[in-house]
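This is what each chain is made of:
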Amino acid sequence: MDFDNLFAQICQDLKETGEIIEMSARFSTCSSDAQRISFILATNTVRKCLQEPLSLAKQEMSAPCKSQSLSASHRAEGNNYYQKKLNWKAISSYNRSLLVGEGESLALAYANRSAVFHDMADWLHSLRDIQLALDQGYPKHLEHKLRERQGNCWQELGHVTRAFKSFNLAKELLASAGQQHKDKLISITSKIRKLGDVMEVTESMSNATSIEQEIIKKRRLAPELNRDRNILLPSASTSIELTDSVDRGRCLVATEDIPIDRRDYSGQVLNNFFQFQVGFCSTICRDEATYHQSECGLTDLFHRTGVGSHGFIGLLAVRTVLKTGRDKIVMANQQESIGKVYDSSDYGTIHRLVGNTSQRSVADLFRRAVMAVYLTSLMQPDNEPDQVLATAVLRLLQSYPCNAHEICYLAVPLPGTSRRADRPLQQIQLCEIGSAAMPVLSLINHSCDPNIARVCYGDVIAIKAIRRIARGEELLDNYGYHYAVHEKSERQTRLFRQYYFRCNCRACVEDWPRYADAPRLDNRPDLSETVDRYVKLRWCDPDGPPEASEMARSFIGYLEAMETSVKLPVQEYNSAQEILKHYFELSATLSRHLVD
Ligand SMILES: C[S@@+](CC[C@H](N)C(=O)[O-])C[C@H]1O[C@@H](n2cnc3c(N)ncnc32)[C@H](O)[C@@H]1O
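Under an unreviewed UniProt entry, the name given to the protein chain is SET domain-containing protein, and the source organism is Daphnia magna.

*Asks:* Summarise the overall build of the protein chain; cite the residues concerned and give the values.
*Replies:* A count of helices and strands for the protein chain gives 24 helices and 12 strands. Counting only residues that meet the buried cut, the protein chain has 52% of its 596 residues in that class. Sequence separation of 24 or more characterises 71% of the internal contacts of the protein chain that already satisfy a separation of 6 or more. Carbon together with sulfur atoms contributes 49% to the accessible area of the protein chain, which is approximately 28,000 Å² in total.

*Asks:* Which residues make up the site of the ligand, and what values go with them?
*Replies:* Around the ligand, 16 residues are found, and the nearest of them are Arg248, Arg250, Asn356, Asn445 and Tyr499. Within the contact set of the ligand, a nitrogen atom lies 2.9 Å away from a side-chain nitrogen or oxygen of Asn445. Between His446 and the ligand, the recorded distance is 3.0 Å, taken from a backbone N or O atom to a nitrogen atom. Relative to its free-state accessible area of 560 Å², the ligand is covered by the protein chains to the extent of 93%. Taken domain by domain, the makeup of the shell around the ligand includes at least three residues from each of domain 2 (229-268 + 409-590) and domain 3 (270-408).

*Asks:* Which residues make up helix 7 (residues 104-119), and what are the values?
*Replies:* In an α-helix, one full turn covers 3.6 residues, which means residues spaced three or four apart are oriented alike. The first and last C-alpha atoms of helix 7 sit 23 Å apart over 16 residues, in line with the 22 Å expected at 1.5 Å per residue. Burial within helix 7 is extensive, with 14 of its 16 residues counted as buried. The positive-phi residue at the C-terminal boundary of helix 7 is Ala121, with phi of around 60°.

*Asks:* Kindly report on the pairing of strand 11 (residues 460-465), identifying the contributing residues and their values.
*Replies:* In terms of burial, strand 11 is a largely internal element, 6 of the 6 residues being buried. Covered by surrounding structure in strand 11 are Val460, Ala462 and Lys464 together with Ile461, Ile463 and Ala465, the residues of both alternating faces. In terms of strand pairing, strand 10 (residues 452-457) meets strand 11 through 6 bridges, oriented antiparallel. Within the sheet, the bridge partner assigned to Ala453 lies in strand 11 and is Lys464. Linkage of strand 10 to strand 11, two consecutive antiparallel strands, is achieved through a turn of 2 residues, within which Gly458 is found at a positive phi near 60°.

*Asks:* If you had to explain the packing of helix 7 against helix 8 (residues 123-135) to someone new, which residues and values would you point to?
*Replies:* Running from N to C, helix 7 and helix 8 cross one another at 165°; their axes reach a closest spacing of 8 Å. Considered as vectors, helix 7 and helix 8 are oriented roughly antiparallel to each other. Taken as a pair, helix 7 and helix 8 cross one another with a handedness that is left-handed. Judged by residue contacts, Ala107, Tyr110, Ala111, Arg113, Ser114, Phe117 and His118 of helix 7 engage Trp123, His125, Ser126, Arg128, Asp129, Ile130, Leu132 and Ala133 from helix 8. When the residues that make up the contact of helix 7 with helix 8 are grouped by side-chain class, the tally is 8 nonpolar, 4 polar and 3 charged.

*Asks:* For the side chain of Gln577, give the residues involved together with the corresponding values.
*Replies:* The topology assignment puts Gln577 in helix 24 (residues 571-590). What makes Gln577 buried here is its relative accessible area of 2%. For Gln577, the contacting residues outside a window of four places in its chain are Pro450, Ile466, Arg467 and Leu559.

*Asks:* Please give an account of a nonpolar patch on the surface that cites residues and values.
*Replies:* A grouping of Ile231, Leu232 and Val341 is seen on the molecular surface, where their side chains present a nonpolar patch of about 290 Å² in accessible area. Look at Leu232 and you get partly exposed, because its relative accessible area is 44%.

*Asks:* Quick rundown of the confidence of the model for the protein chain? Include the residues and the values.
*Replies:* Residues with a pLDDT of 70 or more make up 80% of the protein chain, whose mean pLDDT is 83. Note on residues 267-277: pLDDT under 50 across the span, and 50 contacts to partners over four residues away in sequence or across chains.

*Asks:* Give me the pattern of salt bridges: which residues, what numbers.
*Replies:* The full count for this structure, using the stated rule, is 26 salt bridges. The salt bridge partner of Glu22 is Arg26, with a shortest N-O separation of 2.8 Å. Within this pair, Glu22 and its partner Arg26 are both found in helix 2 (residues 20-27), separated by 4 residues, close to a single helical turn. Two residues, Arg368 and Asp364, come together in a salt bridge whose shortest N-O distance is 2.8 Å.

*Asks:* Go over the state of the cysteines, please, and point to the residues and values.
*Replies:* The full count for this structure, using the stated rule, is 0 disulfides. With no disulfide of its own, Cys408 lies closest to Cys456 among cysteine sulfurs, the gap being 5.2 Å. We classify Cys456 as buried; its relative accessible area is 16%.

*Asks:* Go over the pairing of strand 4 (residues 249-254), please, and point to the residues and values.
*Replies:* Examined bridge by bridge, strand 3 (residues 240-245) and strand 4 share 6 bridges and lie antiparallel to one another. Looking across to strand 4, one finds that Ile240 is bridged to Ala254. In sequence, strand 3 turns back onto strand 4 through a hairpin of 3 residues.

*Asks:* Which residues make up the side chain of Arg149, and what values do they have?
*Replies:* Turning to its location among the elements, Arg149 is positioned in helix 9 (residues 143-156). Among buried charged residues, Arg149 stands out as having no salt bridge; its nearest opposite-charge side chain is Asp119, 6.7 Å away.

*Asks:* With reference to specific residues and values, describe the packing of aromatic side chains.
*Replies:* On inspection of all chains with the given rule, the structure shows 10 aromatic pairs. On the basis of an interplanar angle of 85° and a centroid distance of 5.3 Å, the ring pair of Phe27 and Phe366 is categorised as edge-to-face. Here Phe366 lies in helix 18 (residues 362-379) and Phe27 lies in helix 2, a separation of 339 residues in the sequence. We classify Phe27 as buried; its relative accessible area is 2%. Seen from their ring centres, Phe496 and Tyr500 are 5.9 Å apart, and the 65° between their planes marks the pair as edge-to-face. Its relative accessible area of 13% is what places Tyr500 among the buried residues.

*Asks:* Can you tell me about the nonpolar core, naming the residues and giving the values?
*Replies:* Counting 72 residues, the largest nonpolar core has Ile40, Leu50, Phe366, Val370, Tyr400 and Leu475 as the members making the most contacts within it. Per element, the largest residue contribution to this core is 11 residues, and it comes from helix 18. For this core, the domains that each give at least three residues are domain 2 (229-268 + 409-590) and domain 3 (270-408). Setting aside residues no more than four positions away along its own chain, Leu475 makes contact with Ile240, Leu252, Val253, Ala254, Ile444, Asn445, Asn451, Ile452, Ile463 and Ile469. In terms of nonpolar packing, the next biggest core, distinct from the first, is built from 34 residues, Ile260, Cys402, Ala453 and Cys508 among them.

Conventions adopted
Residues numbered from 1 in each chain as written. Predicted model: local features only at pLDDT ≥ 70, side-chain atom pairs only at ≥ 80, totals over all residues. Heavy atoms only, no water. Helix = DSSP H or I, 4+ residues; strand = E, 2+ residues; numbered from the N terminus. Buried < 20%, exposed > 50% of the residue type's maximum accessible area, 1.4 Å probe, protein only. Contact = heavy atoms within 4.5 Å. Areas by Shrake-Rupley, 256 points an atom, 1.4 Å probe, with all protein chains shown as cover. Near = heavy atom within 4 Å. Polar contact = N/O pair within 3.5 Å; in protein donor to acceptor, adjacent residues only side chain to side chain. Domains from an automatic or database assignment. Expected span 1.5 Å × (residues − 1). Pairing = 2+ DSSP bridges. Axes fitted to C-alpha atoms, helices over the stretch in contact; angles between N-to-C directions. Parallel < 35°, antiparallel > 145°, perpendicular 65-115°, else oblique. Left-handed = near helix turned anticlockwise from the far one by under 90°. Nonpolar A, V, L, I, M, F, W, Y, C, P; charged D, E, K, R; others polar. Patch = residues over 30% accessible without salt bridge, like charges linked within 9 Å, V, L, I, M, F, W, Y side chains within 5 Å. Salt bridge = Lys/Arg side-chain N within 4 Å of Asp/Glu carboxyl O. pLDDT = per-residue confidence, 0-100. Disulfide = S-S within 2.5 Å. Lys, Arg positive; Asp, Glu negative; His and termini not counted. Phe/Tyr/Trp six-rings, centres within 6.5 Å; stacked < 30°, edge-to-face > 60°. Core = buried A, V, L, I, M, F, W, Y, C linked by side-chain atoms within 4.5 Å.

Now the structure itself:
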């Protein structure tokens, strides 16, 4: 049963027992989250309603979820996509195959995924998957294929001796398999010959973990800040400071003029990164994360039964609490403030995210409190939830809807791998792959006409100025409701429903029209063709990037000129800003942080 249904059942039972009105009056007098949790734990009707679903859920969580046949069918689907060169879809099917596979089916899924990475020129990921396939007992009679692929990867990465060793292993396996692979044997022998004289094979082969360390080292390289690091706000530069205001709460403000495209913040996501699939992002993550035992069962259960309307936020809350541990939570409860330094690696900064508790209805708080008890009971071996943990979960169930950030990546073929230069641009997709708590990023207030954009570099988010920000001006993000896309009334209603504030940005105060109804400038070129050309250049043509950067620079100039010479809003300004954001996203996806 998903949580929405379970909660509806609880409300129904409370109505039938005639307790609901009196209970809601008493619950409304609770003045802290700790009191709310105690209240739920002391309410027999709620506890009784939770008992059976909790037992069933725990049974399901411990039930085996591996299936050779399901793994094989996802793999077959992946093979189908792979043949059609739909690489991302193939990877996604192989991922599903991995999640339910074990033994040989797991090995085959890793091996097939390695072929896709190989075709995408993603040598390290291919190597990692090859090694995992071998570790899982990949069939011996097929091993020559993996060894040859492994040799290609090492060769591309410049490890000649490792390539030599892999090709030789492939050759031995082919030779012992007999005549049927004669052509293959000739081609491998020629690859070995081309490597030249490799006198001594001293370089040892890497295992999956060491390859992964290489991958992570590259992926986690946060883009450099454009200024010195701010010691009070370690993920930001000195161009930004944290201030407080009566009507807008905490906010980030520029300490100097910030030009377009300057990067002044880059926050680590990993503190509480949560992917929406049960599966480890790496073997290192698997080996380090002791809390995964509770978390994975829960995530899998939520997937299979439907997560309910607060499900993902609930899982992010569980991950945070499991990863932080009870002692640090107790400490955060005891400390009123977090001191001078606002450091996102400190749980205290997450603990103090805005939850808008005082503005929430009794019904909303009651529902979240029941969910906190339910989730905490699932995390623990018996059905007696720890009050401290349940209180922390309740706190996060209020703050995360107003503060969690999505992690996205742009699914694009890598440069040079496109077989058709006219590949439709629609193949580029912005994919949401998870959500994360990033407490410093969460200090930025909303505007329907923002001056910064968030850009994901793998699991690191950077923010960049998309218009000039003057000294003393507030940095403003967009929470998903932009003036160019949503009517003012819709923006105001939705922002209030989720974030509990009335927006008074310039676009709201002046009631700017949406993009389609905004005026156009006379004598300005139509940008749509340029956008197409720019995007094509950026990812289809290996010689494209320099020209594309040049184009982005001209857009920046164009935007800056419009800021001072044109009364906004106009369509052209909006389009140029969109192109700039595209440029940022593409640069992040194609940057060396992700691809070597
Ligand atoms: C992600 S937090 C932003 C930082 C927040 N001001 C703080 O003190 O931590 C989101 C919350 O900030 C407040 N907020 C965001 N944008 C706002 C705005 N434009 N005007 C007033 N309050 C705003 C709302 O309470 C919202 O739920």
